[in-house]
Amino acid sequence: MKQEILVNKSMASDFETEWLPVFSPRKNNIPEVRIKSLEVNWGDACGALDGKLMILGSPDSEISAIGGSVFIDKITTYGDAWIFDFSRQINYIKLKYIANGVLGGTINASIYFNQ
């Protein structure tokens, strides 16, 4: 199962997502669903090309640590997406983007769940 969390989001300014739970609770005999991976790609980036996308992890959505970073250092990653696999050591994730001189372009991110 796939869920898009960023769709053609502008790269011209800083942003961050809300905290996203890694697990969905078990309901009515439906098995727990867990985020398996995150896929990120962008296109038409312009400007200094010195941006940064951080993946933050948290046990409680209060305290966080950087779980990974992607540097926006080329115009596009279409056809060469960045993929991050998740472990069971975190309960929430958040994406935080810092433009740092990137003046334009769009970024997409999707999370994939195990079934």
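Conventions adopted
Per-chain numbering applies: the sequence of each chain, read as written, is numbered from 1 onward. Only residues with pLDDT of 70 or above have their local features reported here, since the model is predicted, and side-chain atom pairs are shown and tallied only from 80 upward, although totals for entire chains, interfaces and linings are computed over all residues. The side-chain figures draw on all heavy atoms in the structure; neither hydrogens nor water molecules are used. A pair is scored as a salt bridge if a Lys or Arg side-chain nitrogen falls within 4 Å of a carboxyl oxygen belonging to Asp or Glu. In DSSP terms, a helix is any run of H or I states spanning at least four residues, a strand is any run of E spanning at least two, and both are numbered starting from the N terminus. Exposure classes here rest on a 1.4 Å probe applied to the protein chains alone. A residue is buried below 20% of its type maximum, exposed above 50%, and partly exposed in between. The contact criterion used throughout is that any non-hydrogen atoms of two residues lie within 4.5 Å. A strand pair is defined by DSSP finding two or more bridges across the two strands.

Enquirer: Teacher, can you tell me more about the pattern of salt bridges here?
Expert: Any two side chains of opposite charge can pair, so long as their charged atoms come close to each other. Under the definition given, this model contains 1 salt bridge. Between Glu16 and Lys94 there is a salt bridge; the shortest N-O distance is 2.8 Å. A residue pair is termed long-range when its members are at least 10 positions apart, and Glu16 in strand β2 (residues 15–16) and Lys94 in strand β9 (residues 92–98) qualify at 78 residues. What makes Lys94 buried here is its relative accessible area of 11%.

Enquirer: I tried to follow the environment of Gln89 on my own but got confused; where do I start?
Expert: For Gln89, the position within the fold is in the loop between β8 (82–85) and β9. We classify Gln89 as exposed; its relative accessible area is 73%. For the pair formed by Gln89 and Leu6, sequence separation is 83 residues and the distance between their alpha carbons is 24 Å.

Enquirer: In this structure, what is going on with the environment of Asn91? I would like to understand it.
Expert: Tracing the sequence through the fold places Asn91 in the loop between β8 and β9. The class for Asn91 is partly exposed, based on a relative accessible area of 31%. For the pair Asn91 and Asp60, spaced 31 residues apart in sequence, the C-alpha separation works out to 6.6 Å. Not counting chain neighbours up to four residues away, the residues in contact with Asn91 comprise Leu20, Pro21, Val22, Phe23, Ser58 and Pro59.

Enquirer: How do you make sense of the pairing of strand β6 (residues 51–58) when you look at a structure like this?
Expert: Looking along a regular strand, one sees the side chains alternate between the two faces of the sheet. Burial runs high along β6: 7 of the 8 residues are buried. With 7 bridges connecting them, β6 and strand β7 (residues 65–72) associate as antiparallel partners. Bridge pairing in β7 places Leu56 opposite Ile66. In this antiparallel pair of consecutive strands, β6 and β7, the connection spans 6 residues, and Ser61 shows a positive phi of 65 degrees. In terms of strand pairing, β6 meets β9 through 7 bridges, oriented antiparallel.

All we've got here are geometric facts, nothing functional implied.
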